[in-house]
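# Structure at a glance
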2 protein chains.
Amino acid sequence: MQKGKSSIEFETPPVVTSFASVAGKKEGQGPLGKLIDVVEQDEMFGTDTWEQAESAMQKQAADLALEKGDIRRQEIRYLFAGDLLGQLIATSFGTVDMEIPLFGLYGACSTMAEALCLGAMTVHAGYGDRVLAMASSHFATAEKQFRFPLAYGNQRPFSATWTVTGAGAAVVSSGEKYAQNAIARITGVTPGKIVDFGARDSMNMGAAMAPAAYHTIRQNFEDFGVDETWYDRIITGDLGEVGSRILLDMMKQSGSDLTDIHMDCGMEIYDRESQDTHAGGSGCGCAAVTLCSLILPRIRSGEWKRVLFLPTGALLSTVSFNEGQTIPGICHGVVLETCG
Amino acid sequence: MQKGKSSIEFETPPVVTSFASVAGKKEGQGPLGKLIDVVEQDEMFGTDTWEQAESAMQKQAADLALEKGDIRRQEIRYLFAGDLLGQLIATSFGTVDMEIPLFGLYGACSTMAEALCLGAMTVHAGYGDRVLAMASSHFATAEKQFRFPLAYGNQRPFSATWTVTGAGAAVVSSGEKYAQNAIARITGVTPGKIVDFGARDSMNMGAAMAPAAYHTIRQNFEDFGVDETWYDRIITGDLGEVGSRILLDMMKQSGSDLTDIHMDCGMEIYDRESQDTHAGGSGCGCAAVTLCSLILPRIRSGEWKRVLFLPTGALLSTVSFNEGQTIPGICHGVVLETCG
């Protein structure tokens, strides 16, 4: 149950029984395009504002996850969801019609992992047979929230990432009751603490988050008494090129070579050569969409037997940034295993 | 365990073993002034910005909750915390030094209940022996975030509330292991769904939140098979005068007279006559401070045997408001019982 200093091991692992991903046009043109359930060509998703578009995308992902799993809305006991926007408005307006009790979460781009951690903990404890874990981001809402008006056309350094327009939703179900529908087992979690290495460059968030990823991986290894050979893949959320390099260096210096097994959702979701996304993708939707299009299917097929999924978040706001604060990072770890 | 449609009943109830409250000068001058642990005269809490002040206040509340309970930081396995600010910066910078894995939460002013729900669920399931639940708000950060620059000196309608400068922190511990230190038992929770009655007036958030409180109370009664006579007090978070009146009317129309047992933290924390706070207090800190200064001591003493604690949140941001969206509400319920 409690494992080591910070982790939890589930005796009867909760299972992911359904999942869905919805994303925008640019993501559809990327390497995961064919794996994403719905690629919407209209970035407004038929609504009047960017924020409503993001809400519509969440709703679509949630509805589709239920539909694909042949699950009625009433079977979902709790919803664990979040997004990047101030006061989580994408989530509030995206989930209001579902009429399911909501735990609103904010972990910046680590939110999908936070939702999976709490969802698995809830289901494993018997508080519900099924819950839904979800996260989203939208390029235009994030730019408006954090950076410059789109029409301003500012230049972006190569260390900057591109916020993914996308939402991922996963139904987490009791491992006792729904083993026959299992796509992947959640065998353990390592919730992460905030790690602040003093990074201050909001155009290089990978560097700000890499130390948090490093810490959570080390804690996971220590708590479960394993090392990098235990996993087929160790997949971070949105460190991008720069952050991934820092993470691999830090791991190597501490004796672990992740070169062959590390992947980063931010580097999977776009084609760096042709899509001009610089260091890669970011946003809550980056890890959520990659999980629900690339990672879960490969675990279901048995291609990957055991994955450490590690969405990373940069804990800044325009207010904290403008007031000269650092950019602390956070990273939650979720151990996903095949059912085969 | 699962109780009714949305609630959870804890067989071996987790217990609150320590708590602390920190608040500002105005709150110190109010009816709860003598009950609040630390009343800070400097609204900047010795820092350079309002946001840092709120972070400092969170840190102080957390440290004090541990100190009062003679608990080492290392004994706290997880932290459940949140605030009102975009991207939860008060929490991120307030908790970074604690080095405890963090679940960042956003439930607007319902956040203290969300933290208590998840904290109790975590401890009861054995995922940790002790966790910390915390929430804060600061008048100046909230005005800056949601309304007008303070220097602008805008007028406020009587339906408007006053954001509490305050933080409350409670240590939730295993009922099996720490029964001897118990101040109150958390015997059940009723997590709430988003309820949208179409309210659009951000200067009357009580009206926006009252339907959510109504729904959660009704759900709690239904799930546990009880009515208003089951509780010594039913205490909402920050409905204020206007919202409380609406709630009592809605309850009466559905057959429950709460007149004698309903209290609202927003109406307890300020003196309406002398403090010019109009409809009452609001903000995550309102329910958190009232819990950790007034409510928990009265449960400890046995004056109140069973309390339904119902912090309420208004799910808006300046963006959603300016785009003409409604203000949905949310309310989570926590059943607190005496140990006597």
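Below is a summary of the structure that appears in this document. Nothing here was measured: the structure is a model prediction, and the numbers come from that model.

### Some points on the overall build of chain A
From N to C terminus, chain A includes 11 helices and 17 strands. Considered along the principal axes of its C-alpha atoms, chain A spans approximately 55 × 50 × 35 Å. Within chain A, the fraction of its 340 residues that count as buried is 67%. Within chain A, counting contacts between residues at least 6 apart in sequence, those at least 24 apart form 78% of the total. A total of about 11100 Å² of accessible surface is found on chain A, and carbon and sulfur atoms cover 47% of it. Here chain A contributes 27 positive and 41 negative side-chain charges, whose respective centroids are spaced 3 Å apart.

### A few points about the interface of chain B and chain A
Facing 64 residues of chain B, the contacting portion of chain A comprises 64 residues. For the pair chain B and chain A, the summed buried area comes to about 5100 Å², and 59% of that belongs to carbon and sulfur atoms. Considering only the side of chain B, the residues that lose the most area to chain A are Gln87(B), Phe93(B) and Tyr127(B), jointly responsible for 16% of the buried surface there. Taken together, chain B and chain A are joined by four salt bridges. The interface formed by chain B and chain A includes 38 residue pairs in polar contact (both at pLDDT 80 or more). Top contributing element to the side of chain B that touches chain A by residue count: helix 4 (residues 111–124) of chain B, with seven residues. Residues that form the side of chain B that touches chain A fall into these classes: 31 nonpolar, 22 polar and 11 charged.

### Remarks on the packing of aromatic side chains
Enumeration according to the criterion identifies 10 aromatic pairs over all chains in this entry. Between Phe10(A) and Tyr127(B), the aromatic rings sit 6.1 Å apart at their centres with planes inclined by 85°, giving edge-to-face as the arrangement. Highlighted residues: Phe10(A) in the loop between strand 2 (7–9) and strand 3 (15–23) and Tyr127(B) in the loop between helix 4 and strand 7 (130–137), drawn from two different chains. With a relative accessible area of 3%, Phe10(A) lands in the buried category. Put simply, the rings of Tyr78(A), Phe80(A) and Phe103(A) touch in pairs and so form one group of aromatic residues. Above the ring of Trp162(B), the side-chain terminus of Lys26(B) is found at 4.3 Å from the ring centroid. Positioned above the aromatic ring of Phe19(B), the side-chain terminus of Lys68(B) is 4.5 Å from the ring centre.

### What to know about the side chain of Ser293(A)
Residue and element names in this part refer to chain A. As for its placement among the helices and strands, Ser-293 is situated in helix 10 (residues 284–300). Ser-293 sits in the buried class, given a relative accessible area of 2%. Polar contacts involving the side chain of Ser-293 include one to the main-chain carbonyl oxygen of Val-289, which spans 2.7 Å. Among all residues touching Ser-293, those that are not within four sequence positions of it are Ser-21, Leu-32, Leu-35 and Ile-36.

### A closer look at the packing of helix 4 (residues 111–124) of chain A against helix 10 of chain A
Residues and elements named next belong to chain A. Between helix 4 and helix 10, the least distance of the axes is 7 Å, while the angle of their chain directions is 60°. When the axis of helix 4 is compared with that of helix 10, the two are oblique. The residues of helix 10 that touch helix 4, namely those facing Thr-111, Met-112 and Leu-116, are Cys-284, Ala-288, Leu-291 and Cys-292. Of the residues belonging to the contact of helix 4 with helix 10, the class tally is six nonpolar, one polar and no charged.

### Comments concerning the side chain of Ser21(A)
Residues and elements named next belong to chain A. With respect to the element layout, Ser-21 can be found in strand 3. With a relative accessible area of 0%, Ser-21 lands in the buried category. Filtering out sequence-adjacent residues up to four positions away, Ser-21 remains in contact with Leu-35, Ile-36, Asp-37, Val-38, Ala-167, Gly-168, Val-289, Cys-292 and Ser-293.

### Brief notes about the environment of Arg272(B)
Residues and elements named next belong to chain B. Relative to the elements of secondary structure, Arg-272 occurs in helix 9 (residues 272–275). When residues no more than four places from it in sequence are discounted, the contact partners of Arg-272 are Glu-241 and His-278. Within the local environment of Arg-272, its side chain forms a polar contact with the side chain of Glu-241, the two groups lying 3.2 Å apart. Polar contacts involving the side chain of Arg-272 include one to the main-chain carbonyl oxygen of His-278, which spans 3.2 Å.

What counts and how
Residues numbered from 1 in each chain as written. Chains lettered and ligands numbered in written order. Predicted model: local features only at pLDDT ≥ 70, side-chain atom pairs only at ≥ 80, totals over all residues. Heavy atoms only, no water. Helix = DSSP H or I, 4+ residues; strand = E, 2+ residues; numbered from the N terminus. Buried < 20%, exposed > 50% of the residue type's maximum accessible area, 1.4 Å probe, protein only. Contact = heavy atoms within 4.5 Å. Areas by Shrake-Rupley, 256 points an atom, 1.4 Å probe, with all protein chains shown as cover. Lys, Arg positive; Asp, Glu negative; His and termini not counted. Charge placed at Lys NZ, Arg CZ, Asp CG, Glu CD. Buried area = accessible area lost by both parts, 1.4 Å probe. Salt bridge = Lys/Arg side-chain N within 4 Å of Asp/Glu carboxyl O. Polar contact = N/O pair within 3.5 Å; in protein donor to acceptor, adjacent residues only side chain to side chain. Nonpolar A, V, L, I, M, F, W, Y, C, P; charged D, E, K, R; others polar. Phe/Tyr/Trp six-rings, centres within 6.5 Å; stacked < 30°, edge-to-face > 60°. Lys NZ or Arg CZ within 6 Å of the ring centre and 35° of its normal. Axes fitted to C-alpha atoms, helices over the stretch in contact; angles between N-to-C directions. Parallel < 35°, antiparallel > 145°, perpendicular 65-115°, else oblique.

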